[in-house]
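Tertiary structure, described
Listed below, chain by chain, are the residues.
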Amino acid sequence: MRILVVEDERSAAEVLAKGLREHAYAVDVAGDGPTGLAKALEVDPGLVVLDLMLPGMDGFRVLRAIREQGRQV
């Protein structure tokens with residue numbers, strides 16, 4: 001399964017991504033809302049770990065935009 005981690009705190013994103021990779025997940029990381037949205041639409045992850053307070057676009061808006069594109073994640 002491919003997982004997208006959208007987290008602006010770099011150290012938290014790195015720890016989470018490392019742990020997921022150790023369990024054989026494919027992991028993509030984005031550090032802000034617009035980049036997270038773009039990656040979600042590009043790689044079509046099975047799961048998104050999404051921070052709510054993100055620069056550029058909050059997590060609620062990111063999720064809403066993903067769903068508006070017909071993606072169920």
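Residues numbered from 1 in each chain as written. Predicted model: local features only at pLDDT ≥ 70, side-chain atom pairs only at ≥ 80, totals over all residues. Heavy atoms only, no water.

**Digging into the overall build of the protein chain**
Helix and strand content of the protein chain: three helices and three strands. Taken over the C-alpha atoms alone, the protein chain extends approximately 30 × 25 × 15 Å along its principal axes. Across the 73 residues in the protein chain, those meeting the buried criterion constitute 32%. Long-range pairs, those at least 24 residues apart, make up 61% of the contacts in the protein chain with a sequence separation of at least 6. Per element, the accessible surface of the protein chain, about 4500 Å² overall, is 52% carbon and sulfur. (Helix = DSSP H or I, 4+ residues; strand = E, 2+ residues; numbered from the N terminus. Buried < 20%, exposed > 50% of the residue type's maximum accessible area, 1.4 Å probe, protein only. Contact = heavy atoms within 4.5 Å. Areas by Shrake-Rupley, 256 points an atom, 1.4 Å probe, with all protein chains shown as cover.)

**Describing the sheet that holds strand β1 (residues 2–6)**
Taken together, three strands build an open sheet; the order of strands is β2-β1-β3 and the sheet is parallel. Each end of this open sheet is capped by a strand with a single partner; those strands are β2 (26–30) and β3 (47–50). Ignoring strand direction, the axes of neighbouring strands in this sheet form an average angle of 20°. As judged from the four bridges shared by β1 and β3, these two strands associate in the parallel manner. Looking across to β3, one finds that Leu 4 is bridged to Val 48. Packed on one face of the sheet, helix α1 (residues 10–22) meets β1, β2 and β3 and runs near 170° to β2. Along the sheet, helix α2 (residues 33–43) makes contact with β1 and β2, crossing β2 at roughly 150°. (Pairing = 2+ DSSP bridges. Axes fitted to C-alpha atoms, helices over the stretch in contact; angles between N-to-C directions.)

**Observations concerning the nonpolar core**
Ranked by size, the top nonpolar core spans 11 residues in total: Leu 4, Val 6, Ala 30, Leu 37, Ala 40, Val 48, Leu 54, Met 57, Val 62, Ala 65 and Ile 66. Of all the secondary-structure elements, those providing two or more residues to this core are β1, α2 and α3 (59–68). If near-sequence neighbours (up to four positions away) are discounted, Val 62 is found in contact with Gly 33, Leu 37, Leu 50 and Met 57. Counting six residues, the second-largest nonpolar core is a separate cluster that includes Val 5, Ala 17, Leu 20 and Val 27. (Core = buried A, V, L, I, M, F, W, Y, C linked by side-chain atoms within 4.5 Å.)

**Examining empty space enclosed by the protein**
In total, this model carries one cavity of 30 Å³ or more according to the counting rule given. The computed volume of the largest cavity comes to approximately 50 Å³. The residue makeup of the lining of the largest cavity, split by class, is four nonpolar, one polar and two charged. (1 Å grid on protein atoms, 1.4 Å probe; cavity = no way out; pocket = protein on both sides within 12 Å on 5 of 7 lines; lining within 4 Å. Points joined across faces, edges and corners; volume = space filled by probe spheres on them. Nonpolar A, V, L, I, M, F, W, Y, C, P; charged D, E, K, R; others polar.)

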